[in-house]
Amino acid sequence: MKKANAASGMAVEDECKLKFLELKSKRNYRFIIFRIDGQQVVVEKLGNKEETYDDFSASLPADECRYAVFDLDFTTTENCQKSKIFFIAWSPDSSRVRMKMVYASSKDRFKRELDGIQVELQATDPSEMSFDIIKSRAL
């Protein structure tokens with residue numbers, strides 16, 4: 001199998017786009033976690049609607065990079081029910097440098113495949129993507 005280099009274009013498995021469309025239009029997932037497998041981005045985990053932000057955070061590996069999409073439901077200060085779709089680039093400090101480079105160089109191309117992202121967040125440790133931060137970015 002060919003190794004990805006930092007400048008290479010990463011393929012995106014169709015399932016990634018299909019599951020994202022289901023999250024966006026049918027709202028049947030709370031979150032999706034993606035990983036790079038060889039030369040392509042694949043779906044690693046689907047979080048059902050009942051799962052919480054804590055379930056989502058606990059699903060991200062402590063020492064490996066991931067891309068993730070989270071559908072946040074919230075109430076505005078005017079008492080309106082809203083929802084925003086977050087794209088999170090998870091790149092923990094403890095992950096390998098090569099892995100961080102591959103994820104960083106492929107992020108924009110992958111994100112373009114997911115039409116409907118409203119907020120982007122990059123995090124290197126859990127404190128950078130706490131629920132309070134996510135909520136403040138949504139308002």
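Residues numbered from 1 in each chain as written. Predicted model: local features only at pLDDT ≥ 70, side-chain atom pairs only at ≥ 80, totals over all residues. Heavy atoms only, no water.

The chain appears in an unreviewed UniProt entry as ADF-H domain-containing protein from Thlaspi arvense. Note on the chain: under the UniProt heading Sequence similarities (unreviewed entry), the record states "Belongs to the actin-binding proteins ADF family." (UniProt positions renumbered as here; feature names shortened; annotations may be inferred.)

Peer 1: Would you take a moment to explain the pairing of strand β4 (residues 66–75) for this structure?
Peer 2: Taken residue by residue, a regular strand's side chains alternate between the two faces of the sheet. Burial runs high along β4: 8 of the 10 residues are buried. Relative to strand β5 (residues 81–90), β4 runs antiparallel, the two being bridged by 10 bridges. Bridge pairing links Leu72 to Lys84 in β5. The turn joining β4 and β5, which pair antiparallel and follow one another in sequence, is formed by 5 residues; a positive phi near 70 degrees is taken by Asn79. (Buried < 20%, exposed > 50% of the residue type's maximum accessible area, 1.4 Å probe, protein only. Helix = DSSP H or I, 4+ residues; strand = E, 2+ residues; numbered from the N terminus. Pairing = 2+ DSSP bridges.)

Peer 1: Teacher, can you tell me more about the pairing of strand β2 (residues 29–37) here?
Peer 2: Of all 9 residues that make up β2, 7 are buried, and the element is covered over most of its length. The sheet contact formed by β2 and strand β3 (residues 40–48) spans 8 bridges and is antiparallel. Note on β3: the bridge partner recorded for Tyr29 is Asn48. In this structure, the hairpin formed by β2 and β3 is closed by a connection of 2 residues, where Gly38 is found at a positive phi of approximately 65 degrees. One ladder, built from 4 bridges, connects β2 with β4; its direction is antiparallel. By the bridge assignment for β4, Ile33 is matched with Ala68.

Peer 1: It is not clear to me how the nonpolar core should be interpreted in this structure. Could you clarify?
Peer 2: Soluble, globular proteins show a tendency: their nonpolar side chains are buried together. Ranked by internal contacts, the top residues of the largest apolar core, which has 22 residues, are Phe34, Val41, Tyr67, Val69 and Phe110. Other than its neighbours up to four places away in sequence, Val41 contacts Met10, Ala11, Val12, Glu13, Cys16, Phe34, Arg35, Ile36, Tyr67 and Phe110. (Core = buried A, V, L, I, M, F, W, Y, C linked by side-chain atoms within 4.5 Å. Contact = heavy atoms within 4.5 Å.)

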